[in-house]
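# A look at the structure
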Amino acid sequence: MFEKSQKSYTDLLGKTNRIVEGTTITGDIISPADFRLDGHLIGNFQSKGKIVIGPAGSVKGDIVCKNADIEGTFEGKIQVQEILNVKSKSHITGEVICGKLAVEPGAEFSATCVMKPHVKNLPNNGQSAEEKSA
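What counts, and where the lines are drawn
- Residues numbered from 1 in each chain as written.
- Predicted model: local features only at pLDDT ≥ 70, side-chain atom pairs only at ≥ 80, totals over all residues.
- Heavy atoms only, no water.
- Core = buried A, V, L, I, M, F, W, Y, C linked by side-chain atoms within 4.5 Å.
- Buried < 20%, exposed > 50% of the residue type's maximum accessible area, 1.4 Å probe, protein only.
- Helix = DSSP H or I, 4+ residues; strand = E, 2+ residues; numbered from the N terminus.
- Contact = heavy atoms within 4.5 Å.
- Salt bridge = Lys/Arg side-chain N within 4 Å of Asp/Glu carboxyl O.
- Disulfide = S-S within 2.5 Å.

### With respect to the nonpolar core
If you look at the biggest cluster of nonpolar residues, it comprises 21 residues, and the most contacted ones within it are Ile 63, Ile 78 and Leu 84. Contributions of two or more residues to this core are made by strand E4 (34–37), strand E7 (50–53), strand E9 (63–65), strand E10 (67–70), strand E11 (73–86) and strand E12 (91–103). Tallying contributions element by element places E11 first for this core, with five residues. Setting aside chain neighbours within four positions, we find Leu 84 in contact with Ala 68, Ile 70, Ile 78, Val 96, Cys 98, Lys 100, Leu 101 and Ala 102.

Structure (structure tokens):
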């Protein structure tokens, strides 16, 4: 009467992939789950979840994901649907497109940045765009 569906092994682990320090991957990674990278990736990364680039990690290529925390080095184009957190020890070079951006003091951020919020029609409330950006 009450049958429990069998959970897959990745469901039990919280669906987080990890590349450890000292590992180098050359090629593209596509993952539906969250990902932590403490090694090096030379190639593109795509995920429906979150990517965390650890302090020793680096990516040289393009990233498309939902959320991102960067503590290491990134060079390329990154597209983050929601929130990009840039930590104080990180080095970002290239192009950034994100919904929201948080940059800690001390981060090296040498990139063009475009913020595209999810809400298409924001209420103006009589203010110009210049007044809002102050």
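### Here we look at the pattern of salt bridges
This model, assessed by the stated rule, comprises five salt bridges. With its nearest N and O atoms 3.1 Å apart, the salt bridge here joins Asp 69 to Lys 50. A residue pair is termed long-range when its members are at least 10 positions apart, and Asp 69 in strand E10 and Lys 50 in strand E7 qualify at 19 residues. By relative accessible area, which is 12% here, Asp 69 ends up buried. In this structure, Glu 104 engages Lys 87 in a salt bridge whose closest nitrogen and oxygen atoms are separated by 3.9 Å. Linking Glu 104 in the loop between E12 and strand E13 (108–115) with Lys 87 in the loop between E11 and E12, this pair joins segments that are 17 residues apart in sequence.

### Quick notes on the state of the cysteines
For the structure shown, the criterion picks out zero disulfides. With no disulfide of its own, Cys 98 lies 4.4 Å from the sulfur of Cys 113, the closest cysteine sulfur.

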